[in-house]
Amino acid sequence: MIRAGHINEINTDSGNWVFLDIGFANKAKSCGLLFGDGSPTEVTFNDAVQSICKYIKTCNGSINLVIEAPLSVSFDANGNPKGRRIEKQNKKTRYWYVSLGTTVMVAAIYLVKAIIETKPINEVRLFEGFVSFKNSNEQTNHSNDVLLLREIVNNKNTKAIIDPGALKMDETDNIQSAFLVTGIDLGVPPILMQNG
């Protein structure tokens, strides 16, 4: 079973934690991957998928999977894509439907499809990671990004946790699971948000 996690499950006692800064590249090690209290590694997309699926198959207890990619989407009252509240900070935007947002969302869809195909025995709970709005001189570091996400869980940083109900910019916005495009509704997970 796989579903969106809940805010009260964001703690170190709620199960096993996996943190993934997902990338989608042919040969590059575009993903940062971190299991529990271990050390982060940088791996290819397929290596990340295979490692996570193997971990889920062999792990005892629930798995909390944080994916640094849009796991929910927003549409306006007319059915057009619209940014979520967290994706706008001052004049900067990182909307889910623009540029890299769509790329990593597609990568997450393929990962979740692979997890579903493994027919996990233990419950898999999804959480969205959002590490963005870095200074222009900061380069992406996949290992650092997963460490930042783990820090939110380990330190019980409630200020960095965004409730799904707080994602709308306007009351008429429709927030839904990003996986609905595949016919699967996994719910809208909370977001672990860390400004790089």
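Attention here is on the structure that accompanies the text. All values reported here derive from a predicted model rather than from experimental measurement. (Residues numbered from 1 in each chain as written. Predicted model: local features only at pLDDT ≥ 70, side-chain atom pairs only at ≥ 80, totals over all residues. Heavy atoms only, no water.)

## Digging into the environment of Ser 62
Mapped onto the fold, Ser 62 is located in the loop between helix H1 (45-58) and strand S5 (63-67). Counting along the chain gives 14 residues from Ser 62 to Ala 48, while the straight-line C-alpha distance between them is 19 Å. Discounting residues that sit within four places of it in the chain, Ser 62 has contacts with Ser 14, Gly 15, Asn 16, Glu 123 and Arg 125. Within the local environment of Ser 62, its side chain forms a polar contact with the side chain of Arg 125, the two groups lying 3.3 Å apart. (Helix = DSSP H or I, 4+ residues; strand = E, 2+ residues; numbered from the N terminus. Contact = heavy atoms within 4.5 Å. Polar contact = N/O pair within 3.5 Å; in protein donor to acceptor, adjacent residues only side chain to side chain.)

## Topic: helix H3 (residues 142-154)
The end-to-end C-alpha separation of H3 is 19 Å, in line with the 18 Å expected for 13 residues at 1.5 Å each. Looking only at H3, the buried set comprises His 142, Ser 143, Asp 145, Val 146, Leu 148, Leu 149, Arg 150, Ile 152 and Val 153. Residue Asn 141 occupies the N-cap position of H3, its side-chain oxygen lying 3.1 Å from the main-chain nitrogen of Ser 143. Immediately downstream of H3, the backbone of Lys 156 shows phi near 50°, a positive value. (Expected span 1.5 Å × (residues − 1). Buried < 20%, exposed > 50% of the residue type's maximum accessible area, 1.4 Å probe, protein only.)

## Section: a nonpolar patch on the surface
A surface patch of nonpolar side chains, about 280 Å² in accessible area, is lined by Phe 24, Val 106 and Tyr 110. Positionally, Tyr 110 belongs in helix H2 (residues 100-117). (Patch = residues over 30% accessible without salt bridge, like charges linked within 9 Å, V, L, I, M, F, W, Y side chains within 5 Å. Areas by Shrake-Rupley, 256 points an atom, 1.4 Å probe, with all protein chains shown as cover. Salt bridge = Lys/Arg side-chain N within 4 Å of Asp/Glu carboxyl O.)

## Description of unusual backbone geometry
The phi dihedral of Asn 90 is positive, around 55°, even though this residue is not glycine. Looking at the secondary structure, you find Asn 90 in the loop between strand S7 (88-89) and strand S8 (92-93). Residue Lys 119 is not a glycine yet carries a positive backbone phi of 50°. Topologically, Lys 119 is positioned in the loop between H2 and strand S9 (124-132). The exposed category is assigned to Lys 119, whose relative accessible area is 68%.

Coordinates in, geometry out; function isn't part of it.
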